[in-house]
Protein chains: 2
Amino acid sequence: MINKFCKVPLWECNDRLVRVAQGEEPADTVIRHARLVSVTTHEILEDADIAIASGRVAYLGLEGHTAEHCIGEATTVIDAHGLYAAPGLIDTHMHIESSMVGPSEFARGVVPHGTVGVYADPHEVANVRGLAGVRAMWDDAGRTPLKTMLTTPSCVPATRGVEDTGSSIDAAQVAETMMWDETVGLGEMMNFPGILGCDKNTMDEVRETLKADRPVTGHYVAPDMDRGLCAYVAAGVTSCHESGTFDEVLAKLRMGMYVQLRQGSAWLNLPGYLPQLVASGVDTSRCLLCTDDSHPHTIVSDGHMDRVLRECVRLGLDPVTALQMCTINAATYLGLGLDMGSVTPGKCADIVLFGDLGAFDARMVFIDGDLVAQDGEALFEVEPYQWPRFMTNTMNLGMRVTPETFRIPVDKPDGKCKVRAISVISGDTLTHEAAVEVPVVDGALCADGERDILKACVFDRHHGAAGTHAFGFVTGFGIHGALAQTVSHDAHNLLVMGDNDEDMALAAQTLAECGGGEVAVMDGQVLALVELPVCGLMSDGRIEEVAAQVGRAEEAWKTMGCDLPSPFMTMGVMSLAVVPNLRLTNRGYVNAVTFEQEPLLLE
Amino acid sequence: MINKFCKVPLWECNDRLVRVAQGEEPADTVIRHARLVSVTTHEILEDADIAIASGRVAYLGLEGHTAEHCIGEATTVIDAHGLYAAPGLIDTHMHIESSMVGPSEFARGVVPHGTVGVYADPHEVANVRGLAGVRAMWDDAGRTPLKTMLTTPSCVPATRGVEDTGSSIDAAQVAETMMWDETVGLGEMMNFPGILGCDKNTMDEVRETLKADRPVTGHYVAPDMDRGLCAYVAAGVTSCHESGTFDEVLAKLRMGMYVQLRQGSAWLNLPGYLPQLVASGVDTSRCLLCTDDSHPHTIVSDGHMDRVLRECVRLGLDPVTALQMCTINAATYLGLGLDMGSVTPGKCADIVLFGDLGAFDARMVFIDGDLVAQDGEALFEVEPYQWPRFMTNTMNLGMRVTPETFRIPVDKPDGKCKVRAISVISGDTLTHEAAVEVPVVDGALCADGERDILKACVFDRHHGAAGTHAFGFVTGFGIHGALAQTVSHDAHNLLVMGDNDEDMALAAQTLAECGGGEVAVMDGQVLALVELPVCGLMSDGRIEEVAAQVGRAEEAWKTMGCDLPSPFMTMGVMSLAVVPNLRLTNRGYVNAVTFEQEPLLLE
């Protein structure tokens with residue numbers, strides 16, 4: 001695949017590179033005396049010089065050869081004595097939306113950590129604003145040096161017929177995106193039941209991608225590592241980031257898949273399989289690294305791919321192999337190996353200088369030969385992006401929410417009534433179905449905060465007055481007050497839950513007015529608000545501010561009585577109708593195993 | 001790169017593969033109970049089942065799972081108990097012309113040895129008949145199951161201005177071939193001086209290939225592993241098969257190149273670096289295997305890629321790593337990894353069943369799911385190819401050669417005269433320049449057989465009466481009689497040498513009349529003749545017959561007094577003006593270092 005993310009295509013600058021390598025023309029930049037991490041040979045080469053011209057590596061001085069002959073008057077010379085020079089880091093599967101900031105701000109956050117490229121799947125924005133939303137994101141992304149490579153969302157909506165989303169993408173649109181310069185593949189094909197059932201649109205999306213000579217990235221979570229996995233791979237899916245155990249990793253590698261080993265903010269998979277992978281001696285050339293989801297506070301506090309590398313090394317993987325997984329293996333998977341993934345002649349000069357290969361402390365980061373970050377700070381400044389109005393005008397409830405909105409009338413005498421409830425599990429995306437008794441007061445079902453039974457409501461926020469909302473109950477959060485959020489996978493409708501209708505109304509209305517986000521309300525007071533006005537998913541501010549807001553929201557959860565880890569994440573998947581068992585969407589309860597709707601009342 | 005060598009593109013058959021994997025439709029073929037060589041994990045998986053449909057792998061039964069559910073009434077079931085199932089072997093750089101038979105006959109020779117694909121560079125035919133000749137070759141190749149993948153010859157002619165060839169290929173023509181279904185890359189870029197000097201046509205050939213998103217394969221023999229190699233790689237060349245030592249292999253791997261480890265008929269490089277490579281522990285995922293040149297008797301007697309694998313294992317490489325080098329690494333290099341290189345779901349069912357992983361004895365060979373060879377015999381039969389007349393009418397001397405033709409008049413008195421001579425080196429492509437004294441008789445320079453000084457003459461065989469011929473002397477062969485051949489790199493003109501003009505005339509005229517080839521003449525008798533009427537390079541007969549003819553020619557060399565190994569090869573590069581030091585072309589002596597012409601007389 002031709003890489004459109006280089007400053008200059010190789011065929012436009014190879015004359016110059018040839019001359020620079022031979023000392024006939026000066027380089028733009030020369031990095032001297034580095035310890036070069038050779039990911040092609042799995043070596044560390046002492047005292048290496050790197051000459052850069054036209055954004056690419058022109059010359060490598062090894063084994064006592066220097067780049068002195070490439071230095072002219074205008075050449076920038078960097079002494080990297082004591083530093084390791086590694087290829088720039090690539091995240092092979094991720095969602096920018098999880099960082100709660102836009103692409104350019106995300107870039108400002110991750111590039112100082114050594115990340116030079118991401119294979120981004122804008123699944124969340126696509127569910128809200130479709131391909132137009134994706135285009136807007138990439139218009140922002142294009143303003144920074146980060147190579148933000150698009151994998152077209154494949155499952156928009158994730159399911160059909162059980163909820164209402166803001167948009168959809170079909171196979172014809174997938175084919176259209178394959179013509180875009182930014183597109184490198186198809187995003188995670190979560191609809192493995194659709195693949196196994198040969199659903200036409202699902203298979204057509206795969207076929208359009210294959211015809212465009214681009215890889216189909218995967219997401220396979222079924223326990224069947226035999227026929228189901230074979231069928232999924234035979235369809236043309238060539239990678240997967242959804243593995244929980246070493247047996248799953250191994251099964252997928254044996255099937256020829258590239259396996260993206262994942263360490264996100266919420267999904268900490270590396271400890272679950274990496275030590276065994278190291279011990280096994282299995283070939284790791286088809287292992288990749290990814291974050292999938294990095295929250296703003298993770299990026300600000302812990303980093304990005306550097307954080308994943310540290311965890312790899314902590315778990316016993318040697319640092320050069322770990323670097324291979326997020327550099328050359330990553331570039332090879334997407335067919336970008338001619339341009340990226342190693343510090344060798346002709347390749348883009350995407351280079352990170354680390355002080356230490358266990359700490360992975362990025363001292364300097366180069367993209368296409370330009371120094372873009374130093375000592376933890378981005379050296380590029382981008383103005384706040386002026387999002388088009390359709391991207392910031394996505395709270396379309398078609399109604400004003402009041403306490404009365406949350407009244408659930410029921411044809412029952414006052415007293416108790418048995419209802420279906422979602423029982424959440426601490427630190428897991430799974431939910432269970434519970435049967436609980438809730439009070440009936442004045443002909444309406446009520447929450448029962450003392451017994452940790454909250455009322456929940458999901459509002460279609462995409463279709464205005466034509467939209468619907470539906471009620472359910474949830475247990476496991478243990479709060480007093482109300483919480484609301486528009487980051488609510490995968491339709492990202494407005495989800496509200498609480499133990500009283502007044503706080504719920506204030507929470508809902510607060511988000512309706514600020515354009516979406518996350519809010520915590522108790523006793524008529526807004527305790528914390530994370531404003532995410534871009535599609536109700538992303539802030540238009542700085543990542544540090546958003547991280548601080550999220551921190552205050554987490555404090556608010558505790559104040560309200562919740563002791564779950566990452567309750568925001570747990571709440572964020574309450575509507576996720578593709579993961580078992582019971583979910584609540586704007587159409588009501590969904591059994592996420594049968595994909596049938598379920599009634600609220602059990603009697 | 002989209003692979004055009006599959007029976008059915010994946011996007012046309014993935015529905016069926018999905019159904020077959022799940023037992024909803026029977027497979028075409030099921031291989032049972034094999035020891036599967038997993039090149040993706042570097043493992044051998046015991047008792048594996050492989051279900052094949054539409055020419056591709058639909059299902060792998062591992063870890064106790066079987067393919068019984070894929071077997072229907074019409075399914076062919078093969079019991080591979082005790083056999084190893086490996087991906088089909090790929091030769092990553094080779095010239096079919098070296099086998100002295102056409103592509104379909106070559107396929108019949110190598111497929112029974114487990115070869116399923118070759119990256120072929122028709123450099124020799126292209127020098128004689130240009131792209132039209134290449135097209136004719138691939139029309140023949142297309143009649144067999146062997147995946148004969150074209151790398152467009154990049155150096156036709158190899159040099160300009162010092163000899164006359166039958167044809168030429170320029171950058172515009174390279175660009176044209178990149179549109180052909182058969183083309184997978186640019187053939188060995190031998191003109192590294194042209195790259196280092198930024199020669200426009202040479203660089204344009206590279207650029208046209210890069211623009212077509214195909215790899216530029218290399219051939220770099222300069223001793224400079226520093227600036228020169230960097231410049232060559234920075235230009236866009238991504239592989240090299242010309243390494244003599246481990247240091248060269250390592251230098252190229254560090255520069256990001258794929259290194260084709262070579263074991264041809266004449267160039268036996270593996271012993272020179274493989275043991276050190278094994279001992280080094282360097283990453284081998286960018287190491288490939290190739291033959292470059294396989295003579296007919298090598299193929300008939302010893303095999304093809306199986307022979308290379310045996311040598312790898314003999315030299316200490318583990319067999320799975322060796323297999324990786326000619327399967328998955330090979331497919332990955334050319335961007336064909338989605339379709340070839342491993343026995344995994346969705347891939348072409350190119351599979352070899354070996355009895356032993358040291359002997360690499362191919363028992364059954366499948367290409368695109370079809371059993372194409374068994375127990376050393378091809379199961380496909382192709383009619384002799386009816387070559388178009390322009391391919392078999394390439395001896396165009398424009399004259400009848402007589403003893404008088406070889407008279408070298410000289411303006412000297414009878415006696416002795418000091419002349420320049422080519423001194424050949426046993427088993428090497430290099431030559432030296434020697435100063436020798438030859439007799440002057442009746443105003444003409446003569447050979448001196450007793451002192452091993454032969455007269456040599458190269459005739460332009462491409463331009464008829466307009467063509468020229470030139471004389472030289474050669475020492476080191478030690479024969480009595482005359483030898484002639486049209487396999488004479490790279491212009492493949494008619495080269496004749498001998499110790500008397502009568503035998504030389506008979507040799508030359510014999511080849512002129514039979515369409516080219518190789519002939520040995522002594523005392524007025526033709527001792528051996530290898531007829532190669534297709535471009536003067538390839539027979540139109542069976543490979544076994546050609547191998548026998550070559551055997552008789554080698555016997556003749558011995559009869560005539562030569563004790564060099566492979567004297568035919570040594571003679572075949574006497575005109576090769578790109579390898580140091582002194583060469584003879586139809587224009588006279590060429591200094592292959594300065595590319596200047598040199599006079600015959602030294603006084």
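(A) Representation of the pattern of salt bridges within the structure. One pass over the structure, following the stated rule, counts 76 salt bridges over all chains. Here Glu 544 of chain B ties to Arg 108 of chain B by a salt bridge, and the two come within 2.7 Å at their closest N and O atoms. Of this pair, Glu 544 of chain B sits in helix H16 (residues 543-559) while Arg 108 of chain B sits in helix H2 (residues 103-110), and the two are 436 residues apart along the sequence. On the basis of relative accessible area, Glu 544 of chain B is assigned to the partly exposed category, the value being 39%. In this structure, Glu 513 of chain B engages Arg 400 of chain B in a salt bridge whose closest nitrogen and oxygen atoms are separated by 3.3 Å. Of the two residues, Glu 513 of chain B sits in helix H15 (residues 501-514) while Arg 400 of chain B sits in the loop between helix H14 (389-392) and strand E18 (408-409), which places them 113 residues apart along the sequence. For the pair Glu 513 of chain B and Arg 400 of chain B, one class covers both residues: exposed. Each of Glu 105, Arg 108, Glu 381, Arg 542 and Glu 544 of chain A takes part in a single network of salt bridges with overlapping partners.

(B) Spotlight on the environment of Glu 377 of chain A. With respect to the helices, strands and loops of the structure, Glu 377 of chain A is situated in strand E17 (residues 377-378). Sequence-distant contacts of Glu 377 of chain A, that is, excluding residues within four places in its chain, are made with Pro 112 and Val 372 of chain A.

(C) A look at the relation of the copies chain B and chain A. Superposition of chain B onto chain A requires a rotation of 179° combined with a translation of 0.0 Å along the rotation axis, giving an RMSD of 0.2 Å. Accordingly, the operation relating the two chain copies is best matched by a two-fold axis. Looking at the interface residues of chain B, 100% of them are also at the interface in chain A, so both copies use one shared face.

(D) Quick peek at the side chain of His 462 of chain B. Residues and elements named next belong to chain B. Checked against the element boundaries, His 462 lands in the loop between strand E22 (453-459) and strand E23 (469-475). Using a relative accessible area of 10% as the deciding quantity, one classes His 462 as buried. Within the structure, His 462 has its side chain in polar contact with the backbone nitrogen of Gly 166 (distance 3.5 Å). Of note is the side chain of His 462, whose polar atom sits 2.9 Å from the backbone oxygen of Ala 491. Not counting residues up to four positions away in its chain, the partners in contact with His 462 are Val 128, Asp 164, Thr 165, Gly 166, Asn 396, Ala 491, His 492 and Asn 493.

(E) Representation of the sheet that holds strand E28 (residues 582-585) of chain A within the structure. Residue and element names in this part refer to chain A. Read across the open sheet, the three strands follow the order E28-E29-E30; overall the sheet is antiparallel. Here the strands that pair on one side only, and so sit at the sheet edges, are E28 and strand E30 (596-598). Going across the sheet, the axis of each strand differs from the next one's by a mean of 40°, ignoring polarity. For strand E29 (residues 588-591) and E30, the ladder comprises three bridges, and the chain directions are antiparallel. Residue pairing in the sheet places Asn 591 in a bridge with Glu 596 of E30.

(F) Structural context of the sheet that holds strand E20 (residues 431-441) of chain B. All names here are of chain B. With mixed pairing, the ten strands of this open sheet are ordered in space as E18-E21-E20-E19-E23-E22-E25-E24-E26-E27. Among the strands making up the open sheet, the edge pair consists of E18 and strand E27 (525-531). Across two bridges, the pairing between E20 and strand E21 (residues 444-445) is antiparallel. Among the inter-strand pairings, Val 440 is bridged to a residue of E21, identified as Leu 445. Along the sheet, H16 contacts strand E24 (482-485), strand E25 (494-498), strand E26 (517-522) and E27; its crossing angle with E27, the most-contacted strand, is approximately 145°.

(G) How the structure looks around unusual backbone geometry. Here the residue pair Val 156 of chain A and Pro 157 of chain A is connected by a cis peptide bond, since its omega of 0° sits within 30 degrees of zero. Within the fold, Pro 157 of chain A resides in the loop between strand E8 (147-152) and helix H4 (171-177). Of note in the backbone geometry, Glu 63 of chain A takes a positive phi value of approximately 55° without being a glycine. Among the structural elements, Glu 63 of chain A can be located in the loop between strand E3 (56-61) and strand E4 (76-79). A positive phi is found at Cys 198 of chain B, a non-glycine position, where the angle reads about 55°. Residue position: Cys 198 of chain B is located in the loop between helix H5 (192-196) and helix H6 (200-211).

(H) A look at the nonpolar core. Ranked by internal contacts, the top residues of the largest apolar core, which has 215 residues, are Leu 261 and Phe 477 of chain B. Top contributing element to this core by residue count: helix H3 (residues 123-141) of chain B, with nine residues. Contact partners of Leu 261 of chain B, with chain neighbours within four places excluded, come to Val 249, Leu 270, Tyr 273, Leu 274, Leu 277, Cys 287, Leu 288, Leu 289, Cys 290 and Met 325 of chain B. Counting 214 residues, the second largest nonpolar core, distinct from the first, contains Val 233 and Met 391 of chain A together with Leu 10 and Ala 80 of chain B.

(I) Structural detail: the packing of aromatic side chains. For the structure shown, the criterion picks out 14 aromatic pairs over all chains. Relative to Tyr 232 of chain B, the ring of Tyr 220 of chain B lies with its centre 5.1 Å away and its plane at 40°, an arrangement referred to as tilted. Note that Tyr 220 of chain B is positioned in the loop between strand E10 (216-218) and helix H7 (227-234) and Tyr 232 of chain B in helix H7, a separation of twelve residues in sequence. Given a relative accessible area of 0%, Tyr 232 of chain B falls into the buried group. Ring geometry for Phe 477 of chain B against Trp 557 of chain B: centres 5.7 Å apart, planes inclined by 35°, an arrangement best described as tilted. Here Phe 477 of chain B is found in the loop between E23 and E24, whereas its partner Trp 557 of chain B is found in helix H16, with 80 residues between them in sequence. The burial state of Phe 477 of chain B is the same as that of Trp 557 of chain B; both residues are buried. The rings of Phe 192, Tyr 220 and Tyr 232 of chain A are connected pair by pair, giving a single aromatic cluster. The lysine or arginine in question, Arg 135 of chain B, covers the ring of Trp 180 of chain B, its NZ or CZ lying 4.7 Å from the ring centre.

Parameters and conventions
Residues numbered from 1 in each chain as written. Chains lettered and ligands numbered in written order. Predicted model: local features only at pLDDT ≥ 70, side-chain atom pairs only at ≥ 80, totals over all residues. Heavy atoms only, no water. Salt bridge = Lys/Arg side-chain N within 4 Å of Asp/Glu carboxyl O. Helix = DSSP H or I, 4+ residues; strand = E, 2+ residues; numbered from the N terminus. Buried < 20%, exposed > 50% of the residue type's maximum accessible area, 1.4 Å probe, protein only. Contact = heavy atoms within 4.5 Å. Least-squares fit on C-alpha atoms with pLDDT ≥ 70 in both. Polar contact = N/O pair within 3.5 Å; in protein donor to acceptor, adjacent residues only side chain to side chain. Pairing = 2+ DSSP bridges. Axes fitted to C-alpha atoms, helices over the stretch in contact; angles between N-to-C directions. Core = buried A, V, L, I, M, F, W, Y, C linked by side-chain atoms within 4.5 Å. Phe/Tyr/Trp six-rings, centres within 6.5 Å; stacked < 30°, edge-to-face > 60°. Lys NZ or Arg CZ within 6 Å of the ring centre and 35° of its normal.

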